[in-house]
Each structure stands twice: as C-alpha cells, then as structure tokens.
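These are the residues of each chain, in order.
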Amino acid sequence: MEYKDYYQALGVDKNASAEDIKKAYRKLVRKYHPDVSKAADADQKTKEINEAYGVLGDAEKRAAYDELGRGRRAGQEFHPPPDWGAGFDFEGGEAEDFFSDLFAHVGRRARPAGGAYRMRGEDIHASIGIDLADAYRGVTRTVTLRVPERDEHGRVLTRDRTLDVAIPKGVVPGQQLRLSGQGHPGAGGAGAGDLFLEIAFNPDPRYRIEGRNVFETVPVAPWEAALGAQIDVPTPSGQVEVSVPAGSQSGRKLRLKGRGIPGQPAGDLYLMLEVVLPPAASDKARELYLAMARDMAFNPRQRMGA
Amino acid sequence: MAHSEIVSGVLLEDVALSLEELARACDVEPGWVVRHVQAGLLGGEVSVQVESWRFFSGDLQRARRLLSIERDFEANEELAALVVDLADEVRRLKARLHALGAQ
C-alpha cells in the first residue's frame, strides 16, 4: 500500500488548524462536486478530498495519521498497524480509499476494553459497476476485502479476503445489495457489520436506461427505412431480428416488449431508428443521388411553408 | 492467504431495512431518521407506527447524502434536503440532455 499525503490533497499545511482544514475541505468539495464541476476528474478529486478529510477532519484519526506519517513521502510503501479494522477495495478500482478505511476504527480504541464490552462491527458501503448485459442474466463479481493482520514475526501485513458476490438478475442502477455479516468485524464477540453494495452500470454509449426500460439507437440505411426490412440488431440480451416498417423515419421508436431489464414486470427495449446516409464518395454513389434528386419529387422543407 | 467464498446478498427492494437498520447503516441515532421522516425529508410512512417503517435502496442512498451535506457544511436539515433535491434534478436533466445527443 502506498502512503498518501492527505495534507497535500486538501492543500493545507501540516500545522493547519482544525478550522482551516474544515474550510479547505468545504471549498474543495464544493469546487469538485460531481453534479456541479466541469472538471473531467471531478469524481476522482471528490474521492480524494473525502478520503483526506475523513482522516484529517477527525482529531484522533489525524493524530494517528501524523504518527504514521513521520518522515514519509507520498507514494512510499507503508504497512498499517494492527487492530485498525478491515479495509476493502474492489476489483476494477471502484473503491480505492482503503487507506482511510484503515483509520475507521482508530477512534474506537479509546473505548473501555472491559470483558463486557461488545460492539457490532461497522457497516461498509461501496458501489460496484456491472455491465447492462450482467443485469439481464445475473453475474458473479469478485470483491476484495483487505484485512490487516500480524504475521509470525509481528509484522503487519494486509490479507486479502475475496468474496464472490452473486449479483441477482434484474438489478437496476441505484439498488442496494445487502451482504449480512460482510462488514467490519465486531468487538468483544459481537457480530460483524454488513456490506452494502450500490449497483451502478458501467457507462455504455450504446444504451440509455430509464428504470427498467432500455433505449438503443439503431442505424438503418435509407432503403431499409423507406422500403421496410428485416434487420439483425445486437441487444443486451443477444441478437434479435427486427422488422423495420416501411416508411420509417429517423427517431421512430420500435418497442420490444419485455426485452428491457428483467423483473416483475420486465422493462421494454426501445430501438430508436436513425437513418444514416451512405457517403457520396464514388461516381456511382453520386450518380444514384443525382438520379433520386432528378426523379423523386421530394421537398424535405415542404412543411416549412417554402 | 486469499480464499474465496460465494456470498449472496439481498436487494433492499426485496427485504427492506427497519428504522434501526437504516440508522446503523448510516451510523446515526434512530432519532435522526425519525426526525427526517417526520419532517418529510426522507421516505417512510409517517402515518404508520415507527416500528413498521421500511426503507428501500433509494432511502438509504438519500439518507447518506443528506447526512454528508449536513455534516460537511453543518447545514440545516431542510437546506441539505434542498441540495439533494436540486442535485437529483441536475442529474435528471443531464441524463435527458445526454439522451437528446447534447454533451
């Protein structure tokens, strides 16, 4: 694991007061808020800022971090001390703030350590990205939970615990999958917390999703749109043969009932036709366009009152 | 040593969270949730008994977003809810723009 400079992330001095850290954080979190910012790396920045503030914004965690950071520079290898709770991250880089997560339990060490002290482990929240096609059939994704532990020489190492998480068929973005007992371990024999995975879909320019309905743009040739045709269309649930009705225009929607994301009821798949003109790049093509211009009485601007 | 196990979860749409479970998942006191539901800032049926309140995926996500704004900016609850509502509207409009082919 690499040491990260949280002071640098917030642009504050190592001696900054708690108030200055809070101010710097608020300023940055507003600047890079993904709903507002135009910066291409707004998401990543927000993640870094939140991670840094998660530690520096808490006096105890900051003290532990300062202790850890003596003489270190960003990027150096680092091994966390034990009993700081389990960190986690995900294959594919969904949640990379493992480092701050190690600090999640720092504040808790101060609590009474008597035999009667029991405390359920904290819940963990993360998001997991899947492809649209995965939502159609369900998928098993590997999630890696990192747990710090001591080896026989007393050194602290991180152990990877991998979970194969079964994502059920028919999920939609924003849904939360609760994995009982897969969160942070409890104290004094109490149960572990839960792991909550928020479902997100990996961006795919071919599809747009609204609830369980899926919209897909399908390019068609002018003669397919004008004369009607049977065309093969790749869809999230596989290739389907679709009848394009004669006389179709760009923007026409063909509804394939029940071919959206599965569920009760399943969503629909809307194919949106887009007429694409072949380029007039050869003599033959130009000749064909000229023949149409000559022989077809067609004024596309008729309804403009011209 | 890495080892692998297959785990299945439940979607909150199938098995919803109780008041206590939502509070724990957000790391807040149940009173925080009750206050937000009663003020109409968070889902949950005010007309039914607190013990029967059930919370789904959207409620958990909203509660955590409200909480982070309230904490980050020491914001008033109504103001935090307004920010979340506006952010949702921005997201909806952005998605709509995107669907219409704009950047």
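Located above this text is the structure these notes cover.
The present account deals with the structure reproduced in this document.

Next up on the list: the packing of aromatic side chains. Aromatic rings considered in pairs are described by the distance between their centres and by the relative angle of their planes. Inspection of every chain in the model, using the stated rule, returns five aromatic pairs over all chains. Summarising the aromatic geometry, the rings of A:Phe215 and A:Tyr270 are spaced 5.0 Å apart at their centres and angled 10° between planes, so their arrangement reads as stacked. Here A:Phe215, found in strand S8 (residues 213-220), pairs with A:Tyr270, found in strand S12 (residues 269-275); they are 55 residues apart in sequence, far enough to count as distant. For the pair shown, A:Phe215 and A:Tyr270 are each scored as buried. Consider the rings of B:Trp53 and B:Phe55, whose centres lie 6.3 Å apart with planes at 85°: the pair is edge-to-face. Overall, the relative accessible area of 2% leaves B:Trp53 in the buried class. Classification of B:Phe55 as buried rests on a relative accessible area of 0%. A network of ring pairs unites the aromatic residues A:Tyr6, A:Tyr7 and A:Tyr65 as a single cluster. Just above the ring of A:Phe215 sits the side chain of A:Arg208; from NZ or CZ to the centre is 4.3 Å.

So, on to the sheet that holds strand S6 (residues 195-201) of chain A. Read from one edge of the open sheet, four strands run S2(A)-S6(A)-S5(A)-S2(B), paired in mixed fashion. The open sheet has two edge strands with one neighbour each: strand S2 (124-130) of chain A together with strand S2 (10-11) of chain B. Looking at chain direction, S2(A) and S6(A) are connected through seven bridges and run parallel. Across the sheet, the residue bridging to A:His125 is A:Phe196, located in S6(A).

We now examine the pattern of salt bridges. In the structure shown here, the tally under the stated rule is 19 salt bridges over all chains. Between B:Glu74 and A:Lys22 there is a salt bridge; the shortest N-O distance is 2.5 Å. Of this pair, B:Glu74 sits in the loop between helix H3 (57-73) and helix H4 (77-99) while A:Lys22 sits in helix H2 (residues 18-31), which puts the two residues in different chains. On the basis of relative accessibility, which here comes to 55%, the residue B:Glu74 falls in the exposed class.

Right, let's get into the environment of B:Glu77. Residues and elements named next belong to chain B. Among the secondary structure elements, Glu-77 is positioned in helix H4. On the basis of relative accessibility, which here comes to 19%, the residue Glu-77 falls in the buried class. If we skip the residues at most four places from it in the chain, Glu-77 touches Arg-35, His-36, Leu-41 and Glu-70. Separated by 2.8 Å, the side chains of Glu-77 and Arg-35 make a polar contact.

Before going further, it helps to examine the sheet that holds S8(A). Residues and elements named next belong to chain A. Taken together, four strands build an open sheet; the order of strands is S7-S8-S12-S11 and the sheet is mixed. With partners counted over all chains shown, the strands left at the sheet margins are strand S7 (207-210) and strand S11 (253-256), one partner each. Each strand of the sheet is rotated relative to its neighbour by a mean of 25°, with strand direction disregarded. Sheet topology places S8 next to S12; seven bridges connect them, and they run parallel. Counted as the bridge partner of Val-220 is Val-275 from S12.

Contact with chain B, which involves 30 residues of that partner, is made by 30 residues of chain A. When chain B packs against chain A, the two sides together hide about 2,900 Å² of surface, and 49% of this comes from carbon and sulfur. If you sort the residues of chain B by the area they bury against chain A, B:Val7, B:Leu11 and B:Asp72 come out on top, with a joint share of 19%. Our enumeration of links across chain B and chain A arrives at four salt bridges. Its salt-bridge partner being A:Glu210, residue B:Arg96 comes within 3.7 Å of it at the nearest N-O pair.

Reading guide: rules and limits
Residues numbered from 1 in each chain as written. Chains lettered and ligands numbered in written order. Predicted model: local features only at pLDDT ≥ 70, side-chain atom pairs only at ≥ 80, totals over all residues. Heavy atoms only, no water. Phe/Tyr/Trp six-rings, centres within 6.5 Å; stacked < 30°, edge-to-face > 60°. Helix = DSSP H or I, 4+ residues; strand = E, 2+ residues; numbered from the N terminus. Buried < 20%, exposed > 50% of the residue type's maximum accessible area, 1.4 Å probe, protein only. Lys NZ or Arg CZ within 6 Å of the ring centre and 35° of its normal. Pairing = 2+ DSSP bridges. Salt bridge = Lys/Arg side-chain N within 4 Å of Asp/Glu carboxyl O. Contact = heavy atoms within 4.5 Å. Polar contact = N/O pair within 3.5 Å; in protein donor to acceptor, adjacent residues only side chain to side chain. Axes fitted to C-alpha atoms, helices over the stretch in contact; angles between N-to-C directions. Buried area = accessible area lost by both parts, 1.4 Å probe.

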